[in-house]
Amino acid sequence: MKKSSDTVRICSPEHALYLKKLRRNNLLVQLSRAGLLIVILGIWELIAALQLVDPFIISSPSRIWNMIVSLASDGSLFYHIGTTLWETLAGFAIAVVLGTSIALLLWWSEGARRVLEPYIVVLNSLPKIALGPVIIIWFGTGSSAIVFMTVLVGIIVAVMNMLGGFLATDKNKILLLESMGATKFQILVKLVIPSAIPQFIGMLKICVGMAWIGSIMGEYIVSKAGLGYLIVYGGQVFRLDLVMAATAILCVLAAGMYALVALAEKWLVKK
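Residues numbered from 1 in each chain as written. Predicted model: local features only at pLDDT ≥ 70, side-chain atom pairs only at ≥ 80, totals over all residues. Heavy atoms only, no water.

1. Notes on a nonpolar patch on the surface
Together, Leu46, Leu50, Leu52, Val53, Phe56, Ile57 and Phe238 give the surface a local cluster of nonpolar side chains, amounting to about 750 Å² of exposed area. Along the polypeptide, Ile57 turns up in helix α2 (residues 55-58). (Patch = residues over 30% accessible without salt bridge, like charges linked within 9 Å, V, L, I, M, F, W, Y side chains within 5 Å. Areas by Shrake-Rupley, 256 points an atom, 1.4 Å probe, with all protein chains shown as cover. Salt bridge = Lys/Arg side-chain N within 4 Å of Asp/Glu carboxyl O. Helix = DSSP H or I, 4+ residues; strand = E, 2+ residues; numbered from the N terminus.)

As structure tokens, this is what we get:
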């Protein structure tokens, strides 16, 4: 009789009990998070309903929801979400690709790294919003200026994180591969890049936040549409419900983008 090639994994009672406890703890954490959010929203709604604080100042969850429904009913909500989303995703992708590529070049050339590293540190500490007038002159008042701002905020973070990950590769393993006649390109492909995957995932998580900061910052400076535009406009006309509604949507979108990165992390770890 031909034996099946599939291996049967035998789980001991102790391990099964541990897995069951782990799942129960994870479920408890998820329920606690949801419960905490419900409590916060309930207290907020109660304070506004009892007018312990003027609802005009703090708004309320029900007023925010009504504002979101109102924006969705006339179609403007999806237009503003789409505008901010594509600006953020475009800036995020460009920053990650360029940042990783620059980090690879700096790892490859020690001389270039020693020359450029101080400039990278200075650029990272520079307040990007100070370049707003220059960006407007260079790119105008369209979405390209906002995408550039998003790239500017995220690219230095990507470079520094990935360069640190590449340089943290085990030196003994590099020496071992060199002693076996491996070229620098082979060392890069077979050792340096695979060992930097955890750092790459960490960089993605950081750049998610940086991308949203950059796009909203850009929309603060120059925009005619987008969630940042709604926040600025709402503040100018004293419509706090609009400001809070746009902020709440931003939180949901940022959480969704972070969740996608977390899924990518699980896939890469399995690989």
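2. Details of the pattern of salt bridges
Counted according to the given criterion, the structure contains two salt bridges. One salt bridge in this structure joins Arg63 and Asp241, with 3.1 Å as the shortest N-O distance. Here the residue Arg63 occupies a position in helix α3 (residues 61-73), and Asp241 occupies one in helix α12 (residues 240-270), the gap between them amounting to 178 residues. By relative accessible area, Asp241 is classed as buried at 15%. Taking the shortest distance from any N to any O, the salt bridge between Lys205 and Glu265 comes out at 2.8 Å. Here Lys205 is found in helix α10 (residues 197-221), whereas its partner Glu265 is found in helix α12, with 60 residues between them in sequence. (Buried < 20%, exposed > 50% of the residue type's maximum accessible area, 1.4 Å probe, protein only.)

3. Notes on the side chain of Thr150
Tracing the chain through its elements places Thr150 in helix α7 (residues 143-167). Of note is the side chain of Thr150, whose polar atom sits 3.2 Å from the backbone nitrogen of Ser215. Look past the residues within four positions of Thr150 in its chain and what remains in contact with it is Glu87, Thr88, Gly91, Phe92, Ala211, Gly214 and Ser215. (Polar contact = N/O pair within 3.5 Å; in protein donor to acceptor, adjacent residues only side chain to side chain. Contact = heavy atoms within 4.5 Å.)

4. Here's the deal with the nonpolar core
Counting 48 residues, the largest nonpolar core has Phe92, Phe166, Met203, Leu204 and Leu227 as the members making the most contacts within it. Where this core is concerned, the elements lending two or more residues are α3, α4 (76-108), α7, α9 (184-195), α10, α11 (227-236) and α12. Apart from the residues lying within four places of it in its own chain, the contact partners of Leu227 are His80, Ile81, Thr84, Glu219, Ala246, Ile249, Leu250 and Leu253. By size, the runner-up hydrophobic cluster in this structure holds seven residues, among which are Ile135, Ala145, Val153 and Met217. (Core = buried A, V, L, I, M, F, W, Y, C linked by side-chain atoms within 4.5 Å.)

5. A few points about α3
Between its first and last C-alpha, α3 extends 18 Å over 13 residues, near the 18 Å set by a 1.5 Å rise per residue. Every buried residue of α3 is listed here: Pro61, Ile64, Met67, Ile68 and Leu71. Along α3, the residues classed as buried sweep out an arc of 125° about the axis, all on the same side. Turned more than 90 degrees from where α3 packs its buried face, Trp65, Asn66 and Ser73 sit exposed. Looking one or two residues past α3, Gly75 carries a phi angle of roughly 85°, positive in sign. (Expected span 1.5 Å × (residues − 1). Arc of directions from axis to C-beta.)

6. Let's talk about α9
Three- or four-residue spacings in an α-helix give side chains the same orientation, since the helix completes a turn every 3.6 residues. Turning to α9, its buried residues are Ile187, Leu188, Leu191 and Val192. Projection of α9 onto a plane perpendicular to its axis shows the buried side chains occupying an angular sector of 130°, all on one side. Exposed residues pointing more than 90 degrees away from the buried face of α9 are listed as Phe185 and Lys190. On its buried face, α9 is in contact with α4, α7 and α8 (171-179).

7. Concerning the confidence of the model for the protein
Chain-level pLDDT for the protein is 84 on average; 95% of the residues reach the 70-or-more range. Predicted confidence for residues 1-8 stays below pLDDT 50, and this span has zero contacts to residues more than four positions away or in other chains. (pLDDT = per-residue confidence, 0-100.)

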